[in-house]
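# Overview (structure and organization)
Okay, here's what each chain looks like letter by letter:
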Amino acid sequence: MTPVDEGPSVCLDVGSTWTKAALVRPDGALAGFAEHPTTAGDVLAGMDAAVRAVSAAGPSGTGVEPELLACSSAGGGLRLAVIGSDRLTTTEAGHRVACSAGAHVVHVHAGPLEPADVRMLRSTRPGVVLLLGGADGDDPAGLLHNAGRLARARIRTPIVLAGNAAAQDDALALLRATGRTVVPCDNVLPRRGELAPEPARAALAVLYQRHALGGRGPAVAPRFRRLVRVATPDAVGHAASALARICDARVLLVDVGCATTDVHSASGADVRRTVEGDLGVRAAAGGVLVEGQAEGVVDPVEADLLGPTVSRMASEVGLVPRDPGSAAEDRRIAALASVIAVRRHLRVHRDAGRDVELVVLSGGVFRQRDRSGGLGAVVATLRTDPVLAPALRDAPVVVDADFAVVPAGLLAARGRTTAAESLLRDHLLG
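Computed from a predicted model, the values in this text were never measured in an experiment.

Here is what the cut-offs are and how they apply
- Residues numbered from 1 in each chain as written.
- Predicted model: local features only at pLDDT ≥ 70, side-chain atom pairs only at ≥ 80, totals over all residues.
- Heavy atoms only, no water.
- Helix = DSSP H or I, 4+ residues; strand = E, 2+ residues; numbered from the N terminus.
- Rg over C-alpha atoms; globule rule 2.2 N^0.38 Å.
- Buried < 20%, exposed > 50% of the residue type's maximum accessible area, 1.4 Å probe, protein only.
- pLDDT = per-residue confidence, 0-100.
- Contact = heavy atoms within 4.5 Å.
- Axes fitted to C-alpha atoms, helices over the stretch in contact; angles between N-to-C directions.
- Parallel < 35°, antiparallel > 145°, perpendicular 65-115°, else oblique.
- Left-handed = near helix turned anticlockwise from the far one by under 90°.
- Pairing = 2+ DSSP bridges.

Moving on, we get to the overall build of the chain. Secondary structure summary: the chain contains 15 helices and 15 strands in total. Compactness check: the chain gives a C-alpha radius of gyration of 22 Å against a globular reference of 22 Å for 430 residues, within 12% of the reference. Each of the three principal axes of the chain carries a C-alpha extent, and together these read 70 × 50 × 40 Å. Within the span of the chain, comprising 430 residues, buried residues form 54% of the whole.

Before going further, it helps to examine the confidence of the model for the chain. Mean pLDDT over the chain stands at 92; residues scoring 70 or higher make up 95%. Counting contacts from residues 1-5, a segment whose pLDDT is below 50, to residues more than four positions away or on other chains yields seven contacts.

All right, on to the packing of helix 2 (residues 87-98) against helix 6 (residues 198-212) then. The geometry of helix 2 relative to helix 6 is characterised by a closest axis approach of 8 Å and an angle of 55° between their N-to-C directions. When the interaxial angle is binned, helix 2 and helix 6 end up oblique. In the packing of helix 2 onto helix 6, the handedness of the crossing is right-handed. The residues of helix 6 that touch helix 2, namely those facing R96, V97 and A98, are A200, R201 and L204.

Our next topic: the sheet that holds strand 6 (residues 103-110). If you walk across this open sheet you meet the five strands as 6-5-7-8-9, and the pairing is parallel. Edge positions in the sheet fall to strand 6 and strand 9 (182-184), since each of these pairs with one other strand and no more. Within the sheet, the average angular offset between the axes of one strand and its neighbour, ignoring direction, is 25°. Against the sheet, helix 6 contacts strand 5 (78-84), strand 6, strand 7 (128-131), strand 8 (159-161) and strand 9, and its axis sits at roughly 145° relative to strand 5.

We now examine the environment of L144. You can see L144 is positioned in helix 4 (residues 141-152). Accessibility expressed as a relative area gives 25% for L144, which makes it partly exposed. Leaving out residues up to four positions away in the same chain, L144 has contacts with A167, D170, A171 and L174.

Mapped onto the elements, A31 comes out in strand 3 (residues 30-37). On the basis of relative accessibility, which here comes to 17%, the residue A31 falls in the buried class. Measuring from C-alpha to C-alpha, the distance between A31 and A57 comes to 8.0 Å, with 26 residues separating the pair along the chain.

Laid out in structure tokens, this is it:
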């Protein structure tokens, strides 16, 4: 990308709960920070408030209007509904497809769809439907019945069609005949007892990219699209690449948000990414507890102790810790989300765990000024995890306490690599 004329910038990260703004000087120095709750219904109101606040906090009298650079993950995790033949296989397939693709399962239906089932499906407000339908060679009647029901239903969300290969073309024709958006891919269940989630997961990851930006209300969308052209995980990926270049090292960057947690591994120009739509420190805190127990990193006693806290996090997404105990609980959930997300990342990208030389923790929970040593417990949780220890034991861990990662990624995406690298050196690497 051709570098642009350098000037001050307001770097804006529109999250599902908070909108963060940083004022960055042309040399990459941070001149101000502000945040505002992401406003429901009109995300632009929160964006405008954050920009006003950070502009007021910065130096005055420069005479130069800052350039606005914005990214968004306001859409949160992608809500996935799964329709298949039998409940056990459909549930497992849905979880495997959603994992690391930015989605989380909100509804599972097994068997032929009836009108009441369609009403139940609509009530769960899915962002995408995964339509399965038996192994290749099975009777296609069930898949074709459900495709016909969805074609006639008042459901306009995209459909990932990953069923019986013999019925794929006919099911696709049924759905597209009524104008449905359909993404066909290979069968998730090619043979009985075998799951092949990768093609459907890749399709879901593409749909997540479109969903993550959020801000699609009819009154909001045109201006939002002009202002926000980058999804937050893309901005974080640019920052990971810049860090790998600065340090000449393999970097593992974990960004823990309220509704999602993404992991980036960067080495040279190669950046791998996974996004977990069921892990976060507010709306997706419940997923951390569930998956923590499934992964064996949370025992039943701790699960009982954290249960009320997690329920409150999920129901009060704007919750801000007011005391050391609440802040410690925030950090514990963030540590667990990080461990689970990195484990999943290394399963998808098996070579990403080799020769990790720097680990970066980013996200609002890590911007708390920590005088109690609590962030050390987060780092220790990562280092001592039995699955991650071989990869991370000797890698230094740095924490993005100054909100440098996303602004640096936005600057890098704009072609302002010198400012981006200066920002990372001064406010992250020290």
